[in-house]
Structures are given as C-alpha cells and as structure tokens.
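Geometric and topological summary
Here's the letter readout for the chains.
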Amino acid sequence: MLDGLDLVLRWFLDDVRRKFPDSPVLFTDRSGGSPHRGTIHNRLRYPVELEGGPATDRFSPHALRRACATHNYERGVDLVAIQQLLGHWTVSSTMRYVRPSATFIEDAYRRAVTTTLGELTAEGDSSA
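Quantities reported herein were computed from a predicted structural model and do not represent experimental measurements.

**A few points about the packing of helix H3 (residues 61–74) against helix H4 (residues 79–86)**
It is at 10 Å that the axes of H3 and H4 come closest, and there the two elements cross at 155 degrees. For the element pair H3 / H4, the angle class is roughly antiparallel. Here H3 and H4 pass one another in a crossing that is right-handed. Contacts between H3 and H4 pair Arg65, Ala69, Asn72 and Tyr73 from the former with Leu79, Ile82, Leu85 and Leu86 from the latter. A per-class count over the contact of H3 with H4 returns six nonpolar, one polar and one charged.

**Thoughts on H3**
In an α-helix there are 3.6 residues to a turn, and that puts residues three or four apart on one side. If you check H3, its first and last C-alpha atoms are 20 Å apart, about what 14 residues at 1.5 Å a residue would give, namely 20 Å. Along H3, the positions that sit buried rather than exposed are Ala67, Ala69 and Thr70. In a view along the axis of H3, the buried residues occupy a sector of 165 degrees, so they form one face of it. Following H3 by one or two positions, Gly76 adopts a phi angle in the positive range, close to 95 degrees.

**Topic: the confidence of the model for the protein chain**
For the protein chain, mean pLDDT is 81; residues scoring 70 or higher make up 91% of the total. Taking the mean pLDDT of every element in the protein chain, the minimum, 77, falls on helix H2 (residues 37–50) and the maximum, 90, on H4.

**Structural notes on the side chain of Gln83**
By the element assignment, Gln83 lies in helix H4. Discounting residues that sit within four places of it in the chain, Gln83 has contacts with His88, Trp89, Thr90, Val91 and Thr94.

**Remarks on H2**
Taking 1.5 Å per residue as the helical rise, H2 with its 14 residues ought to reach 20 Å, and the 21 Å between its terminal C-alpha atoms agrees with that figure. Positioned one or two residues after H2, Gly52 has a phi angle of 80 degrees, which is positive.

**Remarks on the environment of Ser101**
Inspection of the secondary structure puts Ser101 in the loop between helix H5 (91–97) and helix H6 (102–127). For Ser101, a relative accessible area of 32% gives the class partly exposed. Residues Ser101 and His71 lie 30 residues apart in sequence; the distance between their C-alpha atoms is 9.6 Å. A polar contact of 3.1 Å, which involves the side chain of Ser101, links it to the backbone nitrogen of Phe104.

**Things to note about the packing of aromatic side chains**
Here a ring pair, both rings aromatic, is described through the centre-centre distance and the interplanar angle of the planes. Evaluation of the coordinates by the stated rule reveals one aromatic pair. In this structure, Arg66 packs its charged tip against the face of Tyr97, placed 5.4 Å from the ring centre.

Scoring rules and cut-offs
- Position labels on residues start from 1 in each chain and follow its written sequence.
- In view of the model being predicted, local features appear only for residues whose pLDDT reaches at least 70, and side-chain atom pairs are presented and counted only at 80 or more, with totals across whole chains, interfaces and linings using the full set of residues.
- As a rule here, side-chain values come from all non-hydrogen atoms in the structure, and water together with hydrogens is ignored.
- Helix axes use the C-alpha atoms of the stretch in contact, all axes being lines fitted to C-alpha atoms, and the angles between their N-to-C directions lie in the range 0 to 180 degrees.
- Per the convention used, a helix needs a DSSP run of H or I reaching at least four residues, while a strand needs a run of E reaching at least two, with both numbered from the N terminus.
- What sets the label is the angle itself: under 35 degrees gives roughly parallel, over 145 gives roughly antiparallel, 65 to 115 gives roughly perpendicular, and the rest give oblique.
- Definitions for this section: a left-handed crossing has its near helix turned counterclockwise from the far helix by less than a right angle. A right-handed crossing has that turn clockwise.
- Whether two residues are in contact is decided by their heavy atoms: any pair within 4.5 Å suffices.
- Each residue receives one of three labels: charged for Asp, Glu, Lys and Arg, nonpolar for Ala, Val, Leu, Ile, Met, Phe, Trp, Tyr, Cys and Pro, and polar for the others, Gly being one of them.
- In this analysis, the expected span of each helix is defined as 1.5 Å times one less than the number of residues it contains.
- Per-residue accessibility, obtained with a 1.4 Å probe over protein chains only, is compared with the maximum for each type, and a residue is labelled buried under 20%, exposed over 50%, and partly exposed between these values.
- Note: the arc covers the axis-to-C-beta directions of the helix.
- The score called pLDDT rates the predictor's confidence residue by residue, from a low of 0 to a high of 100.
- Polar contacts, as counted here, are pairs of nitrogen or oxygen atoms within 3.5 Å of one another; within protein the pair requires one atom able to donate a hydrogen and one able to accept it, and residues that are adjacent in sequence qualify only if both atoms are side-chain atoms.
- Stacked, tilted and edge-to-face are the three classes assigned to paired rings of Phe, Tyr and Trp, where Trp is represented by its six-membered ring and a pair needs centres within 6.5 Å; plane angles under 30 degrees give stacked, over 60 edge-to-face, the rest tilted.
- Criterion for a charge above a ring: Arg CZ or Lys NZ at most 6 Å from the ring centre, at most 35 degrees from the ring normal.

In structure tokens form, the structure reads like this:
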C-alpha cells in the first residue's frame, strides 16, 4: 500500500496543500488546523475499503507510524534517527514499533554467518 508514497506526497505538497490556509501543520483541516484523529483514521481506512480489502488490512495512524519505522529500519536508517523522527523519548519505545520482515531477518542472518565464516577462514589461513 505504501508503494509510490513519495510520489503521492510530492503531488500533495505541490498541488493540494497550497490550496489550504497557510499553516505549519502538514495535513490540515479546512481551517488550517490539525485534523481530528478520527478523521485521519477514516481517511486512511477508505482506500483499503475502496480496493475491497478485508477489515484486517485496515490502515490506522498507528500502523502508518509502525510502517514508517519498519521501512526506515530495513533501509538502514539508525534506530536513534528513527526515534527522533517519531518523537519517542527512548530507543526502546522505537524498537517496539519496528517489525522487520522475515526476509529481512533471514538476510541479516545470512550476512552475519557469511561474515563470521569469512573471518574464521581468514584466521585459519594466517595461522598455517
């Protein structure tokens, strides 16, 4: 669902956002203030319903924050940087948001094993 989100955000900033009152808030209501949390929840849920997705696939603001944290982590962004982006007080709070995929975990494990085997092989070669 987040594929192409950068394009959607660019369109929003270039074509839509400027039609609303000047405000430091990125996503505003009609008066330029922060939208009500229920409004945000409903707006995120609508595309999934429109596509005929099951209720279990409904997207919430919390799920969006979790997805943002996970995607950034899987792309190599430091946990402290993600902590700052999400406004958490501690890294442990941020760690609860990050849910890496099974593929990411398997790839990390393979890289670690390959690196360790390479180091052990290099040590064995130098002692001979």
